[in-house]
Amino acid sequence: GGGGNWPQISAVTMLAIPFGCCDCRKTDRTIKTASHSEQPPQVETVGVGMVLKPSFQSDTFLALVVHSLVPGSSAEQSHLIQPGDILHSIDEVDVYRKPANEVAKRLLGRPGTTVRLGLLRLMSPTE
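Just so you know, these numbers come straight off a predicted model, no measurement behind them.

Caption draft 1: Here's a closer look at the overall build of the chain. Counting its secondary structure elements, the chain contains two helices and six strands. The linear arrangement of helices and strands in the chain, starting from the amino end, is β-β-β-α-β-β-α-β. Across the 127 residues that make up the chain, the buried fraction comes to 31%. Taking as baseline every contact in the chain between residues at least 6 positions apart, the subset at least 24 positions apart corresponds to 67%. A total of about 8500 Å² of accessible surface is found on the chain, and carbon and sulfur atoms cover 53% of it.

Caption draft 2: Structural detail: the side chain of serine 73. Among the structural elements, serine 73 can be located in the loop between strand E3 (64-69) and helix H1 (74-78). Here valine 70 takes part through its backbone oxygen, which lies 2.7 Å from a polar atom of the side chain of serine 73.

Caption draft 3: The side chain of serine 89, seen in detail. By the element assignment, serine 89 lies in strand E4 (residues 86-90). Once residues lying within four places of it in the same chain are set aside, the contact partners of serine 89 are Met14, Asp94, Val95, Arg116, Leu117 and Gly118.

Caption draft 4: Focus on a nonpolar patch on the surface. Residues Phe56, Phe61 and Leu62 make up a contiguous nonpolar surface patch of about 330 Å² in total accessible area. By secondary structure assignment, the location of leucine 62 is in the loop between strand E2 (50-54) and E3.

Caption draft 5: Highlighting the nonpolar core. Ranked by internal contacts, the top residues of the largest apolar core, which has 19 residues, are Met50, Ile81, Leu87, Ile90 and Leu117. Counting only elements with at least two residues in this core, the list comes to strand E1 (9-18), E3, E4 and strand E6 (114-122). Excluding residues within four positions of it along the chain, isoleucine 81 makes contact with Leu15, Ile17, Met50, Val66, Leu69, Ala75, Leu117, Leu119 and Arg121. Within the second largest apolar cluster, five residues are counted, among which are Ala63, Val65, Ile86 and Tyr96.

Caption draft 6: Looking closely at the layout of surface pockets. Here the second largest pocket defines a volume of roughly 160 Å³. Considering the residues around the second largest pocket, the lining is formed by Ser55, Gln57, Thr60, Val65, Gln82, Pro83, Gly84, Asp85, Ile86, Arg121 and Leu122. Classifying every residue of the lining of the second largest pocket by side-chain character gives four nonpolar, five polar and two charged.

Caption draft 7: Unusual backbone geometry, seen in detail. A positive phi angle, close to 55 degrees, is found at histidine 79, a residue other than glycine. Locating histidine 79 in the fold gives a position in the loop between H1 and E4. Residues other than glycine seldom take positive phi values, yet glutamate 92 does so here, at roughly 65 degrees. Looking at the element boundaries, glutamate 92 is found in the loop between E4 and strand E5 (93-94).

Caption draft 8: Here's a closer look at the environment of glutamate 76. Tracing the chain through its elements places glutamate 76 in helix H1. Along the primary structure glutamate 76 and glycine 49 are separated by 27 residues, whereas in three dimensions their C-alpha atoms are 7.2 Å apart. Excluding residues within four positions of it along the chain, glutamate 76 makes contact with Leu69, Val70 and Pro71.

What counts as what
Residues numbered from 1 in each chain as written. Predicted model: local features only at pLDDT ≥ 70, side-chain atom pairs only at ≥ 80, totals over all residues. Heavy atoms only, no water. Helix = DSSP H or I, 4+ residues; strand = E, 2+ residues; numbered from the N terminus. Buried < 20%, exposed > 50% of the residue type's maximum accessible area, 1.4 Å probe, protein only. Contact = heavy atoms within 4.5 Å. Areas by Shrake-Rupley, 256 points an atom, 1.4 Å probe, with all protein chains shown as cover. Polar contact = N/O pair within 3.5 Å; in protein donor to acceptor, adjacent residues only side chain to side chain. Patch = residues over 30% accessible without salt bridge, like charges linked within 9 Å, V, L, I, M, F, W, Y side chains within 5 Å. Salt bridge = Lys/Arg side-chain N within 4 Å of Asp/Glu carboxyl O. Core = buried A, V, L, I, M, F, W, Y, C linked by side-chain atoms within 4.5 Å. 1 Å grid on protein atoms, 1.4 Å probe; cavity = no way out; pocket = protein on both sides within 12 Å on 5 of 7 lines; lining within 4 Å. Points joined across faces, edges and corners; volume = space filled by probe spheres on them. Nonpolar A, V, L, I, M, F, W, Y, C, P; charged D, E, K, R; others polar.

Any functional reading would require information beyond the geometric quantities listed.
This is the structure in structure tokens:
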């Protein structure tokens, strides 16, 4: 018996989602570095286009749930993430019910790299 009050789920989906998206508004602030400068170019971090909010339902309390997807983002274009999905792991690290600021840091990466997301999808209650 491995304890833990897990909500009833239909699937744990593992997705590889690329960071960044084609028409992110943020990308118009391109970072220019002068050729004579010794400084390494700044690494820009971007997300995957998921808007998350904490759940207040008893069985998933404080787990981060996908609230919406940014149109045109990697998350939306994957067609695999739905609002209501619960974020369970990021790159095989368990983030279920972890503090939102800690999770948010893991959801950022360099454009062109990918992140592996584990999502829980709740079973719809059968009427």
